[in-house]
Amino acid sequence: AQTVTQSQPEMSVQEAETVTLSCTYDTSESDYYLFWYKQPPSRQMILVIRQEAYKQQNATENRFSVNFQKAAKSFSLKISDSQLGDAAMYFCAYRSALGGGSNYKLTFGKGTLLTVNP
Amino acid sequence: KAGVTQTPRYLIKTRGQQVTLSCSPISGHRSVSWYQQTPGQGLQFLFEYFSETQRNKGNFPGRFSGRQFSNSRSEMNVSTLELGDSALYLCASSLTGTVFNEQFFGPGTRLTVL
């Protein structure tokens, strides 16, 4: 079974600074997808960024980028120019690519609570 | 396009009762997944439905069940409620056939069992 570990329960960053959230995972599969989700307080979970395991190029979405190290099974999220609206719980998630794409199960880490200080 | 909706948003039940939660996916999405979120266990996968068929099931007791209707709306049922079932239940829908099959989450139903 796959596992996802987020070793930082809480992180804080100053507004406009850069912060990196860590995520490691364990799997014996070679093809999979990785995601970072953001869950603001009392609000819906939304997808921040996604990565295909067989693509070596790190994904980027505006101020959000990942550092994907497949051999190390590491998938960290970097938030540049942090804004107050970035404050939220961030979850790293894994999804297998096996089953012809019919496996929709997401395995989540326990989350990292990010605080942005003005 | 409307997002994923879940009803009710809040629910209070007592031990031993049963509860039914509803999820309406984004129009055109045929896959619906359910997750349980608790402070202790985090986010755990319950099950996933596609075209009225359960395709995947997580490691939950048989008290947890679900179904999907022909319009892709889904319900989950928990029978004989226990205190430990208190949680935020999240529903996610997905448009199948894309590369990532990205899951879009609803706001959740907060269930409190007394």
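Bear in mind that the values here come from a model prediction, so they are computed numbers and not experimental data.

Basis of the calculations
Residues numbered from 1 in each chain as written. Chains lettered and ligands numbered in written order. Predicted model: local features only at pLDDT ≥ 70, side-chain atom pairs only at ≥ 80, totals over all residues. Heavy atoms only, no water. Helix = DSSP H or I, 4+ residues; strand = E, 2+ residues; numbered from the N terminus. Buried < 20%, exposed > 50% of the residue type's maximum accessible area, 1.4 Å probe, protein only. Contact = heavy atoms within 4.5 Å. Areas by Shrake-Rupley, 256 points an atom, 1.4 Å probe, with all protein chains shown as cover. Lys, Arg positive; Asp, Glu negative; His and termini not counted. Charge placed at Lys NZ, Arg CZ, Asp CG, Glu CD. Buried area = accessible area lost by both parts, 1.4 Å probe. Salt bridge = Lys/Arg side-chain N within 4 Å of Asp/Glu carboxyl O. Core = buried A, V, L, I, M, F, W, Y, C linked by side-chain atoms within 4.5 Å. Disulfide = S-S within 2.5 Å.

Focus: the overall build of chain A
In terms of helices and strands, chain A carries zero helices and twelve strands. When the elements of chain A are put in sequence order from the N terminus, they spell out β-β-β-β-β-β-β-β-β-β-β-β. Each of the three principal axes of chain A carries a C-alpha extent, and together these read 45 × 30 × 25 Å. The proportion of buried residues among the 118 residues of chain A is 47%. Within chain A, contacts between residues at least 6 apart in sequence are counted, and of these 57% link residues at least 24 apart. In the form shown here, chain A has an accessible surface area of approximately 5,800 Å², with 45% of it arising from carbon and sulfur atoms. With 11 positive and 10 negative side-chain charges, chain A shows a spacing of 6 Å between the two charge centroids.

Some points on the interface of chain B and chain A
Counting from both sides, the interface comprises 26 residues of chain B and, opposite them, 20 residues of chain A. Summing both sides of the interface, chain B and chain A together bury roughly 2,000 Å²; the carbon and sulfur share of this comes to 56%. When residues of chain B are sorted by the area they lose upon contact with chain A, B:L43, B:F100 and B:F105 head the list and together hold 35% of the total. Counting across the chain B and chain A interface gives one salt bridge.

As for the nonpolar core
Counting residues in each nonpolar core, the largest one holds 25 residues, and the members touching the most others are A:Y25, A:W36, A:F75, A:L77 and A:Y90. Residue assignment for this core shows that the elements contributing at least two residues are β3 (19-21), β5 (32-39), β6 (46-52), β8 (64-69), β9 (74-79), β10 (88-96) and β12 (112-117) of chain A.

Quick word on the side chain of A:Q8
By secondary structure assignment, the location of A:Q8 is in the loop between β1 (3-5) and β2 (10-14). Not counting the four nearest positions on each side in its chain, A:Q8 is found in contact with A:T20, A:L21, A:S22, A:G111 and A:T112.

What about the state of the cysteines?
Tallied over the full model, the rule gives two disulfides over all chains. What pairs with A:C23 in a disulfide is A:C92, and their sulfur atoms sit 2.0 Å apart. Looking along the S-S bond of the A:C23-A:C92 disulfide, the torsion reads about -65 degrees, which is the left-handed sense. Of this pair, A:C23 sits in the loop between β3 and β4 (24-26) while A:C92 sits in strand β10, placing them 69 residues apart in sequence. Relative accessible area serves as the criterion here: at 1%, A:C23 is assigned to the buried category. Disulfide pairing places B:C23 opposite B:C91 at an S-S distance of 1.7 Å.

Any link to function would need more than the numbers given here.
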